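Residue-level listing of the chains:
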Amino acid sequence: MSDSTSANALSVDHVAVHFGGLVAIADMTFSVDRGEVVSLIGPNGAGKTTAFNVVTGFLQPTKGTVTYQGRQVNGLKPHQIADLGLVRTFQKTSVFDTNTVFDNILIGLHRRGQRSAWEVLLSLPRVRREEEELRAKAWDILEFVGLDRQANSLGGALAYGEQRLLEVAVALAAEPSLLLLDEPVSGMNPSETSSFMDLLAKMRERHITMLLVEHDMRMVMGVSDRIVVLNDGHIIAEGSPESIQNNPEVIKAYLGEGAEHVGN
Amino acid sequence: MNRALGLGFLAFLVSIPFWIGDQYLLHILINAGIFVIGAMSLNLLLGYTGQLSLGHVAFFGIGAYTSALLSLGFDVTTFWGGELVVGPQPVWLSFLAGIVLAGLAGWFIGRISFKVRGAYFVIITISFAEVTKLVALNWVDLTEGPMALISIPPFSVSIPGIWEATFYGKTPNYYIMLAIGVVSYIVIKRLVNSRLGRAMVALRENEPLAMSVGIDVTRYLVLAAVVSAAIAGAAGGLYTHYVRIVDPDVFLFIYTVTMVIMVITGGKGTLAGPIVGGIIFGVLPEILREFMGPEAQWVTYGAVMIAIVMFLPEGIVPALTRFWERRKESRDASDRMITGRAASSATETPSE
Ligand SMILES: Nc1ncnc2c1ncn2[C@@H]1O[C@H](COP(=O)(O)OP(=O)(O)OP(=O)(O)O)[C@@H](O)[C@H]1O
Ligand SMILES: [Mg+2]
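What counts and how
- Just so you know, the residues in each chain are numbered from 1, in the order the chain's sequence is written.
- Chain letters and ligand numbers both follow the written order, the letters beginning at A and the numbers at 1.
- Note on the predicted model: pLDDT of at least 70 is required for a residue's local features to be given, and 80 or more for side-chain atom pairs to be given and counted; whole-chain, interface and lining totals, by contrast, use all residues.
- Working from all heavy atoms in the structure, the side-chain values ignore hydrogens and water.
- We call a residue near a molecule or strand whenever a single non-hydrogen atom of that residue lies within 4 Å of it.
- Pairs of N or O atoms within 3.5 Å make up the polar contacts considered here, provided that, within protein, one atom can donate a hydrogen while the other can accept it, and that residues adjacent in sequence are counted only when both atoms are side-chain atoms.
- In short, Shrake-Rupley with a 1.4 Å probe defines the accessible areas, and a residue's cover is counted only from the protein chains shown.
- A run of DSSP states H or I qualifies as a helix once it reaches four residues; a run of E qualifies as a strand once it reaches two. Both are numbered from the N-terminal end.
- Residues are sorted three ways: Asp, Glu, Lys and Arg are charged, Ala, Val, Leu, Ile, Met, Phe, Trp, Tyr, Cys and Pro are nonpolar, and all the rest, Gly among them, are polar.
- How far each domain reaches was decided by an automatic or database domain assignment.
- Whether two residues are in contact is decided by their heavy atoms: any pair within 4.5 Å suffices.
- Two parts placed together each lose some accessible area under a 1.4 Å probe, and the buried area is that loss summed for both.
- Should a side-chain nitrogen of Lys or Arg be within 4 Å of a carboxyl oxygen of Asp or Glu, the pair is scored as a salt bridge.
- The length a helix should cover is 1.5 Å for every residue beyond the first.
- A simple rule labels every residue: compare its accessible area, found with a 1.4 Å probe on the protein chains alone, to the largest value its type can have, and call it buried under 20%, exposed over 50%, or partly exposed in between.
- Note: the arc covers the axis-to-C-beta directions of the helix.
- Any Phe, Tyr or Trp ring, taking Trp's six-membered ring, that has another such ring centre within 6.5 Å forms a pair; planes under 30 degrees apart are called stacked, those over 60 apart edge-to-face, and the others tilted.
- Any Lys NZ or Arg CZ that is within 6 Å of a ring centre and within 35 degrees of that ring's normal is treated as a charge sitting over the ring.
- UniProt positions are given in the numbering used here, feature names are shortened, and annotations may be inferred rather than shown by experiment.

### Digging into the site of ligand 1
All names here are of chain A. Taken together, 13 residues lie around ligand 1, and G45, K48, T49, T50 and Q91 are the ones closest in. Within the side chain of K48, one N or O atom sits 2.8 Å away from an oxygen atom of ligand 1. Here ligand 1 has 630 Å² of accessible area as a free molecule, and 62% of this is covered by the chains. Residue contributions to the shell around ligand 1 peak at three residues, all from helix α1 (residues 48-55). The residue makeup of the shell around ligand 1, split by class, is four nonpolar, seven polar and two charged.

### Looking at the domain arrangement of chain A
Residue and element names in this part refer to chain A. Once the domains are mapped, chain A shows domain 1 (8-95 + 174-261) and domain 2 (102-157). Distance from the C-alpha centre of domain 1 to the C-alpha centre of domain 2: 29 Å. Each partner contributes to the interface: domain 1 provides ten residues, whereas domain 2 provides seven residues. Counting each side, the surface lost to burial between domain 1 and domain 2 is near 850 Å², with a carbon and sulfur contribution of 52%. The three residues of domain 1 that bury the most area against domain 2 are V95, A174 and E175, which together make up 48% of that side's buried surface. Here domain 1 and domain 2 share two salt bridges between them. Between R111 and D83 there is a salt bridge, with the nearest N and O atoms lying 3.5 Å from each other. Applying the counting criterion to the domain 1 and domain 2 interface returns six residue pairs in polar contact (both at pLDDT 80 or more). Of all the secondary-structure elements, those providing two or more residues to the side of domain 1 that touches domain 2 are α2 (78-83) and α7 (190-205). Sort the elements by how many residues they give to the side of domain 1 that touches domain 2 and α7 lands first, with three residues.

### Considering helix α5 (residues 125-145) of chain A
All names here are of chain A. Helix length check: α5, at 21 residues, gives a terminal C-alpha distance of 31 Å against a target of 30 Å (1.5 Å per residue), a fit within 8%. Among the residues making up α5, those that are buried are V127, E130, E131, L134, A138, I141, L142, F144 and V145. On an axial view of α5, the arc spanned by its buried residues comes to 150 degrees, and they lie on one face. Every exposed residue of α5 that faces more than 90 degrees away from the buried side is listed here: P125, R128, E132 and D140. Phi for G146, located one or two positions after α5, is positive at around 80 degrees.

### What to know about the pattern of salt bridges
Using the criterion set out here, one finds 14 salt bridges over all chains in the structure. The closest approach of N and O atoms between A:E131 and B:R198, which form a salt bridge, is 2.8 Å. One end of the pair, A:E131, is in helix α5; the other, B:R198, is in helix α8 (residues 195-205), on a second chain. The exposure class of A:E131 is buried, given its relative accessible area of 16%. Among the residues examined, B:R198 registers a relative accessible area of 10% and is labelled buried. The partner of B:R289 in a salt bridge is B:E286, with the nearest N and O atoms 2.8 Å apart. Taken together, the residues B:R289 and B:E286, both in helix α12 (residues 273-291) and three residues apart, mark about one turn of the helix. Under the relative-accessibility criterion, B:R289 is labelled partly exposed at 48%. When salt bridges that share partners are traced, they join A:R115, A:E119, A:R126 and A:E130 into one network.

### So, the packing of aromatic side chains
Between two aromatic rings, the relevant description is the distance of the centres plus the angle of the planes. Scanning the entire structure with this criterion turns up eleven aromatic pairs over all chains. Centroid distance B:Y174 to B:Y175: 5.6 Å. Interplanar angle 75 degrees. Geometry classified as edge-to-face. Residue class for B:Y175 comes out partly exposed when judged on its relative accessible area of 27%. Measuring from centroid to centroid gives 5.2 Å for B:F281 and B:Y301, while their planes differ by 80 degrees, and the two rings are edge-to-face. Of the two residues, B:F281 sits in helix α12 while B:Y301 sits in helix α13 (residues 294-311), which places them 20 residues apart along the sequence. By relative accessible area, B:F281 is classed as buried at 2%. Here B:Y301 falls in the buried class, since its relative accessible area comes to 10%. Each member of the aromatic cluster is reached from another via a ring pair, and the members are B:F281, B:W298 and B:Y301. Above the ring of A:F58, the side-chain terminus of A:R88 is found at 5.0 Å from the ring centroid. Between the NZ or CZ atom of A:R88 and the centre of the ring of A:F90, over which it lies, the distance is 4.3 Å.

### Some words on the UniProt feature "transmembrane region" (unreviewed entry) in chain B
All names here are of chain B. Here the UniProt-annotated "transmembrane region" (unreviewed entry) positions come out as residues 25-46, 58-80, 92-110, 119-140, 174-192, 220-239, 245-264 and 300-321. This span, residues 58-80, is 65% helix and 17% strand, and a straight line between its end C-alpha atoms measures 26 Å. Segment residues 92-110 splits into 100% helix and 0% strand. End C-alpha atoms: 27 Å apart.

Laid out in structure tokens, this is it:
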């Protein structure tokens, strides 16, 4: 790990989240550098999704701060945070069900459009030009993730694995500089999972920084530069995939719920 | 195909005054048209953003009263004691002011209620309509209360000092209604087919996902509320200068309900839905009146409505579109089968 902090894209600093008396996150500090793929792992209920919600503005932390590229993010609304390039996906499959796959992507491209309501109402030529650009971009993204043949299907009508892919495509459309993926391959079959890993590799080539929450250890070990382990609201370990695999604390935390996955 | 259908329908509407003869029928069509415009505006909120405005008639009434008062002129004692005297303004200016004021009301309602959406929005809009009605009833100084504002000037055009035409007749008012309807349709169409309209649909479909890709939910809900209210205000102004009398009954809840029925039966979230629903439920009562007593009319009206909602729950337009697409699909499929068979028998390829 480099000791320079200047490259930090995201810093989570002593964040705590309490739900009434329940402490979902006790004290969490970690960072993600530009260009890195970091995985946040931990048993069920460890607080991973809660961490995502705090970073993306869906929840306010009880304590601590989140900064992105030097700007404080906590306190901003989710759409403002998305505007900074912090885009997340959801653990529970979430697409626009009654819109076509193509329209799902167009909605995801929202941030790339600029035209105001007046320009739209007057139907100025630049509105049409922008619309054409957005459509061209939507095709690029569909081809990139391999959903171009389903462009006209409804989002809700896709097979489960394809819906999960569409979610990532919608997030990619929003042009993330840091993409947060919450269990993107959960429920996928092995062949879908491995093609998703190929997609992750392609995203990496495009230098998209990623923060990944995932239970599939084969994938976590395969794609991560660094792993942060959360257990019961505390960070219990952090380091390279190899060091995490052999960390006794981590193995202990996972005992009884899949310890055999860690380390193979 | 859609465009041709739309233009054909418009041409038909334009032709009506030439052959309809009976002026009373034209009057019915103008009234129905005013409701259709109201329903189109309601559809922008209900159909595209998914928010039910059950006080939509408030915006209609604000447009109607504003335009009436400005075109008549008024004097009123202000809250801070002074006297405000406004002379009669040109009708077109009054009409525009009605649109602007209704739009502002929409902005206000949008700002205060979109923090608390869903059921709260319904309650806030109903309350707002009640308040506007009470103001119209009780601010007698300004509105004449239940005595109504009368002798409101009709629409007119003029080249000052040279030429002037005032539209008392049914035919010119019909065309004014049509023009306002077409402009409203185009405004809504451009909006919903743009990135802004997609944002509205996105937050209706999946608000967290919409936020996560950077859509400012409040902003687009307020935009929809403003445009919707402004168009409802235009319908109100149109009504005022056509009927030429306006009383607090323009705020009746039943008018909102009528618009909601038009939108839902026609197909919410479609451009043609409120037009189809509006024509059916705008014209149906008048047709029924020819044949039935009042009780039977209402029973029939209700029965038609229930039948549509039961058998075509998404509304008439989506059902027709689906039917059309399925027919086309099956025709395409059978074409493919025939040509496919022909091709394979022609080449006689041995099995792979
Ligand atoms: N909105 C909420 N209100 C109350 N408690 C919550 C809320 N959201 C999460 N929690 C609790 O906070 C803790 C952490 O939950 P979280 O969803 O972050 O876990 P997770 O690590 O994502 O688990 P999983 O792997 O099952 O997705 C859990 O005990 C959960 O019940
Ligand atoms: Mg989770």
